[in-house]
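Summary of structural features
Spelled out, the chains give:
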Amino acid sequence: MLKIAWSSIYNHPLPPKHRFPMEKYDLLPQQLIHEGTVTQQHLFAPRMLTEEEILSVHTLEYWEKLKHLNLSKAEERKSGFPLSNGLVQRERVINAGTIECAHFALEKGMAMNIAGGTHHAYSDHAEGFCLLNDQAIAAQYLLDNQLAKQILIIDLDVHQGNGTAEIFQDESRVFTFSMHGEKNY
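The rules we used
Residues numbered from 1 in each chain as written. Predicted model: local features only at pLDDT ≥ 70, side-chain atom pairs only at ≥ 80, totals over all residues. Heavy atoms only, no water. Patch = residues over 30% accessible without salt bridge, like charges linked within 9 Å, V, L, I, M, F, W, Y side chains within 5 Å. Areas by Shrake-Rupley, 256 points an atom, 1.4 Å probe, with all protein chains shown as cover. Salt bridge = Lys/Arg side-chain N within 4 Å of Asp/Glu carboxyl O. Helix = DSSP H or I, 4+ residues; strand = E, 2+ residues; numbered from the N terminus. Buried < 20%, exposed > 50% of the residue type's maximum accessible area, 1.4 Å probe, protein only. 1 Å grid on protein atoms, 1.4 Å probe; cavity = no way out; pocket = protein on both sides within 12 Å on 5 of 7 lines; lining within 4 Å. Points joined across faces, edges and corners; volume = space filled by probe spheres on them. Nonpolar A, V, L, I, M, F, W, Y, C, P; charged D, E, K, R; others polar.

**A few points about a nonpolar patch on the surface**
Taken together, the side chains of Leu152, Ile154, Leu156, Phe175, Phe177 and Met179 present a nonpolar region at the surface, about 650 Å² in accessible area. Position of isoleucine 154 among the secondary structure elements: in strand β4 (residues 151–155). Under the relative-accessibility criterion, isoleucine 154 is labelled exposed at 51%.

If you want it as structure tokens, here you go:
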């Protein structure tokens, strides 16, 4: 059975008129269930990502700043979100969901994360509504646990997966392929 990572924490409250459409994370599973594409049994609530998993691809300095809500105003602006403990917890759940989806995909052939794809998070900073890089964390998890020998990340977002590319620039076991809009990066 197809497994889809989703949690109510994915829809994090933002200030009124914020440009990021956070409510899509509740609407998408509702629509999939409404149209009969999936049932409630397809959805699973991810666990919390561990610090060890975070530090497999993100720097300790960056994680400490994020965890203690010590990003500068410029760093917070670059993330696109007002920083809060709830937002950091949200990111940890999203990222754990991608690891769990990797396990389901190995077992069943495919899995999905409603809020996955945080490809703008670099090893040492947030960018473009991405604080932690779920693709990189899951890929590194698979490598570290000998669940994969080589990984291909195919990124078909309108924007380049710049954070993922930075994280794996010197890792020959991971190839990142990003197909994105010409004027977007």
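So much for the structure itself; the text now carries on.
**A few points about the layout of surface pockets**
Of the pockets and cavities examined, the largest pocket occupies roughly 1000 Å³. Examining the composition of the lining of the largest pocket, we find that 6 residues originate from one element, helix α5 (residues 85–108), more than from any other. Of the residues belonging to the lining of the largest pocket, the class tally is 20 nonpolar, 12 polar and 9 charged.

**Side note on the environment of histidine 34**
Its location among the elements puts histidine 34 in helix α1 (residues 24–34). In this structure histidine 34 comes out as exposed when scored by relative accessible area, which is 66%. Considering only alpha carbons, one finds histidine 34 and asparagine 95, 61 residues apart in sequence, at a separation of 26 Å.

**Re the pattern of salt bridges**
Close approach of charged atoms lets side chains of opposite charge pair. Enumeration over the complete set of coordinates arrives at 8 salt bridges. A salt bridge links lysine 65 to glutamate 75, with the shortest nitrogen-to-oxygen separation between them at 2.5 Å. Taken together, the residues span a long stretch of sequence, with lysine 65 in helix α3 (residues 60–67) and glutamate 75 in helix α4 (residues 73–79) at a distance of 10 residues. Classification of glutamate 75 as partly exposed rests on a relative accessible area of 25%. With a shortest N-O distance of 3.2 Å, glutamate 91 and arginine 90 are connected by a salt bridge. Considered together, glutamate 91 and arginine 90 belong to a single accessibility category, that of buried residues. Each of Glu51, Glu64 and Lys67 takes part in salt bridges that share partners, so that together they form one network.

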